[in-house]
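Each chain, letter by letter, is given below.
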Amino acid sequence: MHIILGGTGHVGSAATVALLRQGEPVTVVTRDKAKAAPLAAQGAEVAVADVLDVEALRGVFRRGTRAFLLNPPADPSTDTDAEERRTVDAIIAALDSSGLEKVVAESAYGAHAGERAGDLTVLHGLEEKLHSQAIPASIIRAAYYMSNWDASLETARREAIVNTLFPADFELPMVAPRDLGEAAARLLTEPPEKNGLHHVEGPSRYTARDVAAAFGGALGKEVRVVSVPREHWAETFESMGFSPKAAQSYARMTEVTVDDTYDPPTRPERGKVTLERYMAELAGAG
């Protein structure tokens, strides 16, 4: 049995579907059973548990032999770094005495030691804690999710605009959740002794201008990019409902992404879903 923590999100759902397609048994862990209904309809079991309830989470882990770990995003109105470090600690604690033979965890391109750079520092902490415990672990360092652009569909459709903090021509490694789910499913089914660090990105690297063009192609009209100047990044996050601390963390994560372009030390695994295909499917569904 494979346990998928965060199974109702973009990547967790993709991993669940990939495993079910292979005939593998899957239990999806969620706080909201209703959100898992589409996956249950496809054959997944559903376990309701709060990630901060260590005993409940450990009990779910004990139902399986392998687990895919996705640290849940914190409410942006909170101190996201502090809250996400709490959930990392709870996940690691729940692994103890869980009986799992292997785990696969999702991290991010550019993960590094430090404070206050959002996922880049929080997920590096997850990596380090996984290295320090006994269960064999494979870690996926994922490129920037194409799904992070989903919210731009509305403005692209209504105003022919894609708003972004990235410079219009900044080239960024991106990846579709479907490709990450496929990678996670493969790693989960490999022998426990086969583990380590894996980088996954899409077929090409893309810019915000490419995103606008992909939306334009899907919507049949010209779409342009509007980039927020660096000095307004933190206030932009605050205007979206982020707490001041969360806004500073996310602004710092954006700054590191732009200034310290991350290149994997080894050749990354490349997914099959292009940005154009992703946006076309998104626009068709939306």
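Refer to the structure presented above.
The text that follows walks through the structure, step by step, so that each part is easy to find. (Residues numbered from 1 in each chain as written. Predicted model: local features only at pLDDT ≥ 70, side-chain atom pairs only at ≥ 80, totals over all residues. Heavy atoms only, no water.)

Topic: the sheet that holds strand β9 (residues 172-175)
This is how the line gets drawn: Should DSSP find at least two bridges between two strands, the strands are taken to pair. Under the scheme used here, helices are H or I runs from DSSP no shorter than 4 residues and strands are E runs no shorter than 2 residues, and both carry numbers assigned from the N terminus.
Strand order in this open sheet of 3 strands is β7-β9-β11, and the pairing throughout is mixed. Unpaired on one side and paired on the other, β7 (144-145) and β11 (205-206) mark the two borders of the sheet. Pairing geometry for β9 and β11, over 2 bridges, is antiparallel. Bridge pairing links P173 to R205 in β11.

Section: the nonpolar core
To be explicit about the condition: Buried Ala, Val, Leu, Ile, Met, Phe, Trp, Tyr and Cys residues that are joined via side-chain atoms within 4.5 Å together make up what is termed a nonpolar core. Throughout, exposure labels follow a simple rule: accessible area from a 1.4 Å probe, protein chains only, divided by the maximum for the residue type, with under 20% read as buried, over 50% as exposed, and the rest as partly exposed. Between two residues, a contact is recorded if the distance between any of their heavy atoms is within 4.5 Å.
Ranked by internal contacts, the top residues of the largest apolar core, which has 67 residues, are F61, L69, L95, V103, L130, F215 and M279. Ranked by residues supplied to this core, first place goes to helix α10 (residues 244-259) with 7 residues. Setting aside residues no more than four positions away along its own chain, M279 makes contact with M146, W149, V211, A214, F215 and A218. Judged by nonpolar contacts, the second largest core, of 26 residues, contains V28, A142, V175 and A184.

Looking at the sheet that holds strand β5 (residues 102-108)
The strand order β3-β2-β1-β4-β5-β6-β10-β13 describes an open sheet built from 8 strands, whose pairing is parallel. The open sheet terminates on both sides in strands that have one partner only, identified here as β3 (45-48) and β13 (269-270). Strand direction decides the pairing type here: strand β10 (residues 196-201) and β13, joined by 2 bridges, are parallel. Along β13, the bridge assignment pairs E201 with R270.

What to know about the packing of aromatic side chains
Put simply, the rule is: Two rings from Phe, Tyr or Trp (for Trp, the six-membered ring) form a pair when their centres are within 6.5 Å of each other. A pair whose planes differ by under 30 degrees is stacked, one over 60 is edge-to-face, and the rest are tilted.
Summed over the entire model, instances satisfying the criterion amount to 8 aromatic pairs. Between the aromatic rings of Y109 and Y262, the centroid separation amounts to 5.4 Å while the plane-to-plane angle is 70°, which identifies the pairing as edge-to-face. Separated by 153 residues along the polypeptide, Y109 in the loop between β5 and α5 (119-131) and Y262 in the loop between α10 and β13 bring together distant segments of the chain. Taking relative accessible area as the criterion, Y109 reaches 8% and is therefore assigned buried. Of the aromatic side chains, those joined through ring pairs into one cluster are Y144, W149, F166 and F170.

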